[in-house]
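In case you want the letters, here they are:
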Amino acid sequence: MSFPRVSGAIVVALVCLSGCSSASVAHPDTALTPVQTAMAWFHAINTDNVAAADALFVPSQVQQIAWMDQPRADLSTFSDVRCSSTSTSANAASVRCTFNESASPTEGNPDSFWSIYMQKATSGRWLINAYGQP
């Protein structure tokens, strides 16, 4: 195989992969389930996408994630994230997520789970209004 064919194949593969990865992270205007909203939030944290994380929060509660404004090197990352619904009603939902949180300068004792609480916005989207360990 010649070099142009190999590089062309690599470009095609990268385009396909980028399309696959973007499909797993819904646009903020897309109605997500509570579990999908929680997973999108962890993805935003891990990719240092503050705007995407902010868009997943009730505007009056976005200060809860002000810690994301710190330098990326100071923040934890989350791997093996698994989320499941613990309750859902017409206007409120809660999700429990387990994960492996990396050690970081800002986190002295990494957590292994959070409960994430949401409310349904007038737009129909689930927005996070609180999280933590009950």
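Residues numbered from 1 in each chain as written. Predicted model: local features only at pLDDT ≥ 70, side-chain atom pairs only at ≥ 80, totals over all residues. Heavy atoms only, no water.

**Student:** So what about the overall build of the chain? Which residues, and what values?
**Tutor:** In terms of regular secondary structure, the chain is built from three helices and four strands. Helices and strands appear in the chain in the N-to-C order α-α-α-β-β-β-β. With 134 residues in all, the chain has 27% of them scored as buried. Considering only contacts within the chain whose residues lie at least 6 apart along the sequence, 48% involve residues at least 24 apart. Summed over all atoms, the accessible surface of the chain reaches about 7,700 Å², with 58% contributed by carbon and sulfur. (Helix = DSSP H or I, 4+ residues; strand = E, 2+ residues; numbered from the N terminus. Buried < 20%, exposed > 50% of the residue type's maximum accessible area, 1.4 Å probe, protein only. Contact = heavy atoms within 4.5 Å. Areas by Shrake-Rupley, 256 points an atom, 1.4 Å probe, with all protein chains shown as cover.)

**Student:** Outline the nonpolar core, listing residues and values.
**Tutor:** Counting 24 residues, the largest nonpolar core has W41, F42, C97 and I116 as its most contacted members. If you list the elements that add at least two residues to this core, you get helix 2 (34-46), strand 1 (78-88), strand 2 (92-101), strand 3 (113-120) and strand 4 (126-132). For this core, the element with the most residues is helix 2, which contributes six residues. For F42, the residues in contact, after removing those within four places along its chain, are F78, V81, C83, C97, F99, W114 and I116. (Core = buried A, V, L, I, M, F, W, Y, C linked by side-chain atoms within 4.5 Å.)

**Student:** Tell me about the state of the cysteines, and please be specific about residues and values.
**Tutor:** This model, assessed by the stated rule, comprises one disulfide. Linked covalently through their sulfurs, C83 and C97 form a disulfide whose S-S length is 2.1 Å. Disulfide C83-C97: the torsion about the S-S bond is 110°, which places it as right-handed. Within this pair, whereas C83 is found in strand 1, its partner C97 is found in strand 2, the two being separated by 14 residues in sequence. With respect to burial, C83 and C97 carry one shared label: buried. (Disulfide = S-S within 2.5 Å.)

**Student:** Pulling in residues and values, what's your account of the packing of aromatic side chains?
**Tutor:** Across all of its chains, the model carries 12 aromatic pairs by this definition. Ring centres 5.9 Å apart and planes at 25° place the aromatic pair F42 and W114 in the stacked group. Of the two residues, F42 is situated in helix 2 and W114 in strand 3; the sequence distance between them amounts to 72 residues. A relative accessible area of 2% means that F42 is categorised as buried. (Phe/Tyr/Trp six-rings, centres within 6.5 Å; stacked < 30°, edge-to-face > 60°.)

**Student:** Tell me about the side chain of S104, and please be specific about residues and values.
**Tutor:** In this structure, S104 sits in the loop between strand 2 and strand 3. For S104, the side chain forms a polar contact with the main-chain oxygen of D74, separated by 3.5 Å. Separated by 3.0 Å, the side chains of S104 and S76 make a polar contact. Once you skip the residues sitting within four places of it in the chain, S104 turns out to touch D74, L75 and S76. (Polar contact = N/O pair within 3.5 Å; in protein donor to acceptor, adjacent residues only side chain to side chain.)

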